[in-house]
Structures are given as C-alpha cells and as structure tokens.
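Given next are the chains, with one letter for each unit.
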Amino acid sequence: MERGNQSVVLEFLLLGLPIEPLQQDLFYALFLAMYLTTILGNLLIIVLIQLDSHLHTPMYLFLSNLSFSDLCFSSVTIPKLLQNMQSQVPSIPYAGCLAQMYFFLLFADLESFLLVAMAYDRYVAICFPLHYASIMSTKLCLCLVALSWLLTTVISLSHTLLMARLSFCDDHVIPHFFCDMSALLKLACSDIQINEMMIFILGGLVIIVPFLLIFLSYARIVSSILKVPSSRSIRKAFSTCGSHLSVVSLFYGTIIGLYLCPSASNSTVKETVMAVMYTVVTPMLNPFIYSFRNQDIKGALRRVFSKQMANFSLGQ
Ligand SMILES: *[C@@H]1O[C@H](CO)[C@@H](O)[C@H](O)[C@H]1NC(C)=O
C-alpha cells in the first residue's frame, strides 16, 4: 500500500435514520408494520395469480413478477435497518455491504424493466386487440422476463465489481441506512472516475430508456383512442392502464423528486426521506394500487376464498 491511511476494510458503520433516540421505538414499529404489510400484500398477489386461472394472462403474470421483485427489494434493506435500530453498533461487514448494494440494484433495475414490459403489453392490448393473443404469446412473455433478468444482472454485477476494486480510507461511516452506491463512493480513496462514468451510462440505460419506452407506449395508446373516441374505449383504456400508470408515476415521481427538484437546505434529510420513499413506501403501495378497484383481482379473491372454504367444509 502506498498511502498510509489505506487499510483493509472489514466492516462499515451505517448511521441509519436521522431521528431522535426517543423516537427510535416509534419508527421501529412503523417500519416493521410497513415491512409486514409489503410482504403480505405482495405474497397475496403472487399466490392469487398462481391459484386463479382467470389471472393467467400476460398482464397479471408480469404483475406477479413485479410483486416478487418488490418483495425482494424491500427485504434487501428493511430487515437490516430494523436489526441496526436495535443494536448498539450498527455495523455491516464489507462483503455484506457489497452484497446489499448488488441486490438493491438488481431488484430496482428489474422493476424498471418489468414496467416497460407491462407498458408494451398494454400498448398491444389497446392498439391491436385482435392480435393480442398471438403477439403476447407465452414465449414472448418469458423472453421479456428473461431479458429483464439478464440486463439487470449484468448491470448490477458491473457496478458491484467496479466497487469491489476500490480501496477505502479510515472513514468507514456511511451516513445512510443501507449501503447506497453513491454514499460508498464518497468514502473511497482510490480513483472513482470509471465508477462515475458507468453510473452515468448505465443510469441512463435503466432510467431514461425505460421512461422513454413507457412514454412512447402511452403516446401510441392515447393517439389510438383519440382516433375513434368513444366513452367505452376511454373507460376500457383507463381501467386497464390506470393501475400501471399509477405505479409508473410513483416509481418515476420519486426518481424525479430525488434528482430534479431543487435541493432543500438539509440534503441528507431529503435524501433519506426519498430513500425511504422508494425502498419502503413504493413496494408497499404497488399491490394495493393494483387491487384497488380492480374487478379481476376482487373476483379472483372471491373465487379462491370460496374454493378454500368449500374444500375446508368438505374436509370436515
Ligand atoms: C413471471 O413471468 C413469467 C412469464 O410471463 C411467468 O411464466 C412466471 O410465472 C412469472 N413468475 C412469477 C414469480 O410470477
């Protein structure tokens, strides 16, 4: 080692949430409740879609994948946060930190790509209703999901490998509640130029390109509705696209709020609030956005539960 202040990092300290010690218990209960709601809500969606054959359509299979991604995404950060809120020394081992960063990026990017697949599905359903079944075949759906996994694996692996070659100085304190990539880069002692360049390039690939593709799909949907405007076609489009559009707005709204809004006086607090928004709140709300006023999901709930009740009474 050339520089004296470089040492082998064994662990990092996670500062956690900027809250008073007195409020610690309140926030612990709040985050635990939100985490359990996320797990239960998303599991319910996955199980319901698997059990009810009416929901074996591309849209709901993508939704089931999205719920799986939400479930994993919140499990990457919240359990560790809860554990650290209870411990005296909120540390995370070096390897654990890199693993957390890898899985965080993996499921965040997966979500972004799945939202594109869902937008394409809505575009085909509304613009080519007669050819929907032949275009959105099982094979194409599987390909889209596999492609999303492949892209997200390559992207998060390259960020993580680039991070692994950096050396860190004496400061091992991460002013965040999880191993955030940009917070880690600030602690690095070596040259981070390549890392920053990759964040710029790959960030564009996972945020700007999906956003443009989704925007394009909706532009085509709107123009196809405006060609033959009828209250029936507008209502149909709203009922099938509404939930997807809400999830997209929530996802990109947080990103835009984080990067484009003028920075508040206290940027650490703002960053933490935004990070809580996308790690805790968004994965929790997605299943509810999809179930709210959705007749298919409500019907499936009724069918699955009445079947279970029937099985139960037959078994008696
Ligand atoms: C994800 O989507 C694929 C393709 O539509 C489907 O076969 C698979 O069951 C889905 N996986 C989950 C966990 O929902």
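Residues numbered from 1 in each chain as written. Predicted model: local features only at pLDDT ≥ 70, side-chain atom pairs only at ≥ 80, totals over all residues. Heavy atoms only, no water.

As annotated in an unreviewed UniProt entry, the protein carries the name Olfactory receptor and is attributed to Peromyscus maniculatus bairdii. Reading the Sequence similarities (unreviewed entry) entry of the UniProt record for the protein gives the comment "Belongs to the G-protein coupled receptor 1 family." (UniProt positions renumbered as here; feature names shortened; annotations may be inferred.)

**Some words on the environment of Thr240**
One can find Thr240 in helix H8 (residues 231–259). Judged by relative accessible area, which is 21%, Thr240 ranks as partly exposed. C-alpha separation for the pair Thr240 and Ala125, spaced 115 residues apart in sequence, amounts to 9.2 Å. Setting aside anything within four residues of it in sequence, one finds Thr240 in contact with Met59, Arg122 and Ile126. (Helix = DSSP H or I, 4+ residues; strand = E, 2+ residues; numbered from the N terminus. Buried < 20%, exposed > 50% of the residue type's maximum accessible area, 1.4 Å probe, protein only. Contact = heavy atoms within 4.5 Å.)

**A closer look at the site of the ligand**
Every residue close to the ligand is listed here: Gln50, Leu61, Ser64, Asn65, Cys141, Leu142 and Val145. A distance of 2.3 Å is found between an oxygen atom of the ligand and a side-chain nitrogen or oxygen belonging to Ser64. Asn65 places a side-chain nitrogen or oxygen 2.3 Å from an oxygen atom of the ligand. Protein chains shield 72% of the accessible area of the ligand, which is 360 Å² for the free molecule. (Near = heavy atom within 4 Å. Polar contact = N/O pair within 3.5 Å; in protein donor to acceptor, adjacent residues only side chain to side chain. Areas by Shrake-Rupley, 256 points an atom, 1.4 Å probe, with all protein chains shown as cover.)

**Section: the state of the cysteines**
For the coordinates displayed, the defined rule picks out two disulfides. Here Cys97 pairs with Cys179 through a disulfide, and the sulfurs are 1.9 Å apart. Measuring the twist about the S-S bond at about -110°, one finds the Cys97-Cys179 disulfide to be left-handed. Residue Cys97 is found in helix H3 (residues 94–127), and its partner Cys179 is found in the loop between strand S3 (173–174) and helix H6 (181–187); the two are separated by 82 residues along the sequence. On the accessibility criterion, Cys179 (1% relative accessible area) is buried. Residue pairing for Cys169: its cysteine sulfur links by disulfide to Cys189, the two sulfurs lying 1.0 Å apart. With a gap of 20 residues between them, Cys169 in the loop between helix H5 (138–164) and S3 and Cys189 in the loop between H6 and helix H7 (193–227) connect regions that are remote in the sequence. Neither Cys169 nor Cys189 differs from the other in exposure class; each is buried. Cysteine pairing for the protein, with bonded cysteines counted in sequence order: 1-3, 2-4. Considering cysteine sulfurs only, Cys141 is the nearest to Cys143, which forms no disulfide, with 9.3 Å between them. (Disulfide = S-S within 2.5 Å.)

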